[in-house]
Amino acid sequence: MIAKTPLLKVENAGIRFGGLKAVSEVNLELNQGELVGLIGPNGAGKTTFFNLLTGVYVPTEGTISLDGDKLNGQAPYKITKKGITRTFQNIRLFSDLSVLDNVKVAYHSLAKHSILSSIFRLPSHFSGEKEMEEKAIEFLKIFKLETVLHEQAKNLPYGQQRRLEIARALAANPKLLLLDEPAAGMNPQETEELMNLIALIRERFSLTILLIEHDMLLVMGVCERIYVLDHGQLIAEGTPEQIRNNPKVIEAYLGEEVS
Amino acid sequence: MKNVKNAKGFWGSIVLVIIFTVVTQFLINGGTLNSFYVNTLFSIGINIILAASLHLIIGITGQFSIGHAGFLAVGAYASAIVTMKLGLPFPLAIIAGGIAAAIAGLIIGIPTLRLKGDYLAIATLGFGEIVRIVFLNIDYVGGASGMTVSHLTTWPWLLACVVITIVVIVNFTNSTHGRACISIRENEIAADAMGINTTFYKVIAFVIGAFFAGVAGALHAHNFYIIQPTNFSFLKSFDILILVVIGGLGSMSGAVIAAILLTIISTFLSNYPEVRMVIYSLVLIVMMLFRPQGLLGTKEITSFLKIGKSAKGGVQHDSKNTVA
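Being a predicted model, the structure only gives us computed values, none of them experimental.

## Things to note about the overall build of chain A
Thought 1: Helix and strand content of chain A: 10 helices and 10 strands.
Thought 2: The C-alpha radius of gyration computed for chain A amounts to 20 Å, which stays within 12% of the reference 18 Å derived for 259 residues, consistent with globular compactness.
Thought 3: Taken along the three principal axes of its C-alpha coordinates, chain A extends 75 × 40 × 40 Å.
Thought 4: Burial analysis of chain A (259 residues in total) assigns 42% to the buried set.
Thought 5: Contacts in chain A between residues at least 24 apart in sequence constitute 65% of all its contacts with a sequence separation of at least 6.

## A word on the overall build of chain B
Thought 1: Assigned secondary structure in chain B consists of 13 helices and 2 strands.
Thought 2: Over its C-alpha trace chain B gives a radius of gyration of 20 Å, about what one expects of a compact globule, namely 20 Å for 324 residues.
Thought 3: Projected onto the principal axes, the alpha-carbon positions of chain B cover approximately 60 × 50 × 40 Å.
Thought 4: For chain B, the residues scored as buried account for 47% of the 324 residues in total.

## Let's talk about the sheet that holds strand β1 (residues 8-17) of chain A
All names here are of chain A.
Thought 1: If you trace the 4 strands from one edge of the open sheet to the other, you get β2-β1-β4-β5, paired in antiparallel fashion. At either end of the open sheet lies a strand with only one pairing partner, and these are β2 (20-30) and β5 (69-70).
Thought 2: The pairing of β1 with strand β4 (residues 61-66) spans 5 bridges and is classified as antiparallel. Note on β4: the bridge partner recorded for leucine 8 is leucine 66.

## Some words on the interface of chain B and chain A
Thought 1: Residue-level contacts link 28 residues of chain B with 33 residues of chain A.
Thought 2: In terms of residue class, the side of chain B that touches chain A is made up of 11 nonpolar, 14 polar and 3 charged.

## Observations concerning the domain arrangement of chain A
Thought 1: For chain A, the assigned domains are domain 1 (8-95 + 173-254) and domain 2 (97-151).
Thought 2: Here the C-alpha centroids of domain 1 of chain A and domain 2 of chain A sit 29 Å apart.

## Here we look at the sheet that holds strand β7 (residues 176-180) of chain A
All names here are of chain A.
Thought 1: As summarised here, the arrangement of the 6 strands in space is β6-β7-β8-β3-β9-β10, forming an open sheet in which the pairing is mixed. Each of the sheet's edge strands pairs with one partner strand only, and the pair in question is β6 (84-86) and β10 (233-238). Within this sheet the neighbouring strands show an average axis-to-axis angle of 20 degrees, counted without direction.
Thought 2: Note that β6 and β7 share 3 bridges and pair parallel. Within β7, the residue paired with arginine 86 across the bridge is leucine 178.
Thought 3: Of the strands in this sheet, β9 (225-230) and β10 touch helix α10 (residues 247-254), which is tilted by about 130 degrees from β10.

## Details of the confidence of the model for chain B
All names here are of chain B.
Thought 1: Looking at chain B, the pLDDT average stands at 87 and 91% of residues meet or exceed 70.
Thought 2: Looking at the elements of chain B, mean pLDDT is at its lowest for helix α13 (residues 301-312), recorded as 58, and at its highest for helix α9 (residues 198-221), recorded as 96.
Thought 3: Scored as a whole, the predicted complex attains pTM 0.89, and scored at its interfaces, ipTM 0.90.

## A word on unusual backbone geometry
With the exception of glycine, most residues fall at negative phi, and the peptide bonds are largely trans.
Thought 1: In this structure, A:Glu25 is a non-glycine residue whose phi angle is positive, near 50 degrees.
Thought 2: Within the fold, A:Glu25 resides in strand β2.
Thought 3: On the basis of neighbour counts, which here come to 14 C-beta atoms within 10 Å, the residue A:Glu25 falls in the partly exposed class.
Thought 4: Residue B:Tyr225 is not a glycine yet carries a positive backbone phi of 65 degrees.

## Describing the packing of helix α2 (residues 35-60) of chain B against helix α6 (residues 155-173) of chain B
Residue and element names in this part refer to chain B.
Thought 1: Packing of α2 against α6 leaves a shortest axis separation of 9 Å and a crossing angle of 15 degrees. It follows from the interaxial angle that α2 and α6 lie roughly parallel. Seen from above, α2 lies across α6 with left-handed handedness. Touching Phe42, Gly45, Ile48, Ile49, Ala52, Ser53, Leu56 and Ile60 of α2 are Leu158, Leu159, Cys161, Val162, Thr165, Ile166, Ile169 and Thr173, all from α6.

## Digging into the nonpolar core
Thought 1: In terms of nonpolar packing, the biggest core is built from 158 residues, with A:Ala167, B:Ile49, B:Ala51, B:Ala52, B:Tyr77 and B:Val244 touching the most fellow members.
Thought 2: Summarising the domain contributions, this core has at least three residues from each of domain 1 (8-95 + 173-254) and domain 2 (97-151) of chain A.
Thought 3: If we skip the residues at most four places from it in the chain, A:Ala167 touches A:Val103, A:Phe139, A:Leu140, A:Phe143 and A:Leu145.

## Things to note about the pairing of β7(A)
In the case of a regular strand, side chains alternate between the two sheet surfaces.
Residue and element names in this part refer to chain A.
Thought 1: By the criterion of burial, β7 is predominantly enclosed, with 5 of the 5 residues buried.
Thought 2: Burial of the side chains of β7 extends over both faces: Leu176, Leu178 and Asp180 are buried on one face and Leu177 and Leu179 on the other.
Thought 3: By the bridge criterion, 5 bridges tie β7 to strand β8 (residues 208-212) in an arrangement that is parallel. Bridging from a neighbouring strand, leucine 177 pairs with isoleucine 209 of β8.
Thought 4: For the crossover from β7 across helix α7 (residues 188-205) to β8, the handedness is right-handed.

## Thoughts on the environment of B:His220
All names here are of chain B.
Thought 1: As for its position among the elements, histidine 220 is in helix α9.
Thought 2: As a C-alpha pair, histidine 220 and isoleucine 133 span 87 residues in sequence and 19 Å in three-dimensional space.
Thought 3: When sequence neighbours within four positions are dropped, the list of residues in contact with histidine 220 reads Ile46, Leu72 and Ala76.

## Digging into the packing of helix α3 (residues 68-85) of chain B against helix α5 (residues 117-136) of chain B
Helices that pack against each other are described as a pair by the angle of their axes relative to one another and the distance between those axes.
Residue and element names in this part refer to chain B.
Thought 1: Interhelical geometry of α3 versus α5 gives an angle of 30 degrees and a closest axis separation of 7 Å. One finds that α3 runs roughly parallel with respect to α5. For the pair α3 and α5, contact is made by Ala69, Gly70, Ala73, Val74 and Tyr77 and by Phe127, Gly128, Val131, Arg132 and Phe135, respectively.

## Details of the environment of A:Arg204
Thought 1: Topologically, A:Arg204 is positioned in helix α7.
Thought 2: Note: C-alpha distance between A:Arg204 and A:Lys112 (92 residues apart in sequence) is 26 Å.

## Some details on the pairing of β1(A)
All names here are of chain A.
Thought 1: As defined by bridge partners, β1 adjoins β2 across 7 bridges and the pair is classed as antiparallel. Of the residues in β2, the one forming a bridge with isoleucine 15 is valine 23.
Thought 2: The loop that links β1 with its antiparallel partner β2 comprises 2 residues; one of these, glycine 18, has a positive phi angle of about 65 degrees.

Procedures and definitions
- Residues numbered from 1 in each chain as written.
- Chains lettered and ligands numbered in written order.
- Predicted model: local features only at pLDDT ≥ 70, side-chain atom pairs only at ≥ 80, totals over all residues.
- Helix = DSSP H or I, 4+ residues; strand = E, 2+ residues; numbered from the N terminus.
- Rg over C-alpha atoms; globule rule 2.2 N^0.38 Å.
- Buried ≥ 20, exposed ≤ 12 C-beta atoms within 10 Å, placed from the backbone.
- Contact = placed C-beta atoms within 7 Å.
- Pairing = 2+ DSSP bridges.
- Nonpolar A, V, L, I, M, F, W, Y, C, P; charged D, E, K, R; others polar.
- Domains from an automatic or database assignment.
- Axes fitted to C-alpha atoms, helices over the stretch in contact; angles between N-to-C directions.
- pLDDT = per-residue confidence, 0-100.
- Parallel < 35°, antiparallel > 145°, perpendicular 65-115°, else oblique.
- Left-handed = near helix turned anticlockwise from the far one by under 90°.
- Core = buried A, V, L, I, M, F, W, Y, C linked by C-beta atoms within 7 Å.
- Right-handed = clockwise from strand over helix to strand, strands pointing away.

Below is the structure:
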């Protein structure tokens, strides 16, 4: 049973850089609460597609809409406020800021106190900052990061940095979370912890998640549906089982069979 | 509880500042400090304002702007026009200088802050030179021969401006708005992805920085009897930039300390004009070799004092010191 309107609807979306079609004619739908994987060989355009969704690039063709709201051409910070947040393939934390402050930055768009009230230290500044701090600490407890609140983000071990990045993306209160290779550089044990974490946050925040990943074990293990991208175009869509046996996918990954 | 403690510290520092003002004013009036020392004190004050204002733009928001002398010039000329041509009182001139520079900051900031790194540096450098050339060619403000300005900058006015500058910039920095600026410095793409309106905060930081540079311009103009476009060349911009870099990018107290130390060094070196620039440059080179992160790095002086405190009374988490 398919929900009435999909949360995210991408129709014929694409972008060309000069003569190069990086992504073209992508049609994709995500329903509320789904966990969907996006896989493809290196250079297939997966991260470019994420950049289209988050407004880093403006699509040159097609439309992207969230909850029926058209997102094309909106500034990235506005798209974040509308409910799409992301993590990055190469971790992009605010490395000189503390763990706590990293999360507080994500709460910024919810802040009610103005610049002037902060400059003059009006009561609304103190109450606003206090609320933010309490919320951030509560939030970091979910991710078991409460012991390193005041540590600079750059001093955390790799696995915790990944976790902090996911926490920060979630703090901005998204409807749709985009994870760009969350397991990159992780050992099998860390990957398993990550899978548990994804399952946990999905349940707790009733999220919809779109995941780019190279680790097939993780993708096949957690995703309900998978899209496959190659040379900027969708070549397959289906359940993990269907994808595993799809000849086009096998060809994209392993090359054409010699006949 | 924490607010009460903060308030106590706040009033304590106000009292200290007033005592400092009264004592120094007394020394100046009594003639204990001769005019050489008094001039140095005034230069230090003006340089602190300049360093603090550029610190907000470069150290906090991470926008490499090297046209700060342009804002200084706008503030200086605007305030001089207010007092000399319009005959209005000095406090009004300070505010006018600040506002004129802030408007200049807004006009130059909106188009140029889309640029990054080197490009922004070159654009702001160009802005600084344009301002200088414009004043050079306006006869109303004296052109190349400059404008004579009466000496109206007094010690209490100067000190009040220094304190206001520091308080405003520190309060701004230690708030969610300051954190937004720092997140832009740390990683602009991630800041954008976290819902920070990066253009808005870059422009805001630029405007606040320009405002205080304009205030410094007003104090500068009414301190030196004459202002000429040559006073505001790109070399002046670099002087200010050096204060911020030496203090440590991202450290307010570092910028203030650097402003004090370097002003003293360059004042005493003015007795040896032949070797002045050589020694000054050597100091900078040695500094960059042995302490490339600047005097205080990105830390504030309070975080060094806190170490002793927290050892005594357990961990005192004061979010104030985690920012920048």
